[in-house]
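# Breakdown of the fold
Each chain, written out:
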Amino acid sequence: MPVLALFCAVLVVTFEQITQWRYGTSGIVGLLLLAVGVKVKSSFLSSVGGVTLALLVARPMP
């Protein structure tokens, strides 16, 4: 069980670092809003985070 928890933690940290590297601070804020919204079961926060991430992914990269 501790190995699975460690693996999940490493996976989450890696995903956050890739998001920050690719999408900057806005990506981390969107990911944070989405995660907090799911955790507290707030559809508003989840929606704002999801829309933020969707807009970042959909925009053309320079």
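The next point concerns the overall build of the protein. A count of helical and extended segments in the protein gives two helices and zero strands. In terms of principal-axis extent, the alpha carbons of the protein reach across some 40 × 30 × 15 Å. In the protein, buried positions account for 18% of the 62 residues. Considering only contacts within the protein whose residues lie at least 6 apart along the sequence, 23% involve residues at least 24 apart. When the accessible area of the protein is evaluated, it comes to approximately 4,900 Å², of which 76% is carbon and sulfur surface.

Here S46 shows up in helix α2 (residues 43-58). A polar contact is formed between the side chain of S46 and the backbone nitrogen of V38, at a distance of 3.3 Å. If we skip the residues at most four places from it in the chain, S46 touches L33, L34, G37 and V38.

In this model helix α1 (residues 2-39) runs just 22 Å from its N-terminal to its C-terminal C-alpha over 38 residues, more than 12% under the 56 Å that 1.5 Å per residue would give. Within the span of α1, buried status applies to T19, Y23, G27, G30, L31 and G37. Buried-residue contacts for α1 involve α2.

Attention shifts here to α2. Look at α2: 22 Å from first C-alpha to last across 16 residues, which is about the 22 Å you get at 1.5 Å a residue. Looking at the buried residues of α2, the elements they touch are α1.

Phi at K41 is positive, roughly 60°, even though this residue is not glycine. Here K41 shows up in the loop between α1 and α2. The class of K41 is exposed, set by a relative accessible area of 77%.

The rules behind these values
- Residues numbered from 1 in each chain as written.
- Predicted model: local features only at pLDDT ≥ 70, side-chain atom pairs only at ≥ 80, totals over all residues.
- Heavy atoms only, no water.
- Helix = DSSP H or I, 4+ residues; strand = E, 2+ residues; numbered from the N terminus.
- Buried < 20%, exposed > 50% of the residue type's maximum accessible area, 1.4 Å probe, protein only.
- Contact = heavy atoms within 4.5 Å.
- Areas by Shrake-Rupley, 256 points an atom, 1.4 Å probe, with all protein chains shown as cover.
- Polar contact = N/O pair within 3.5 Å; in protein donor to acceptor, adjacent residues only side chain to side chain.
- Expected span 1.5 Å × (residues − 1).

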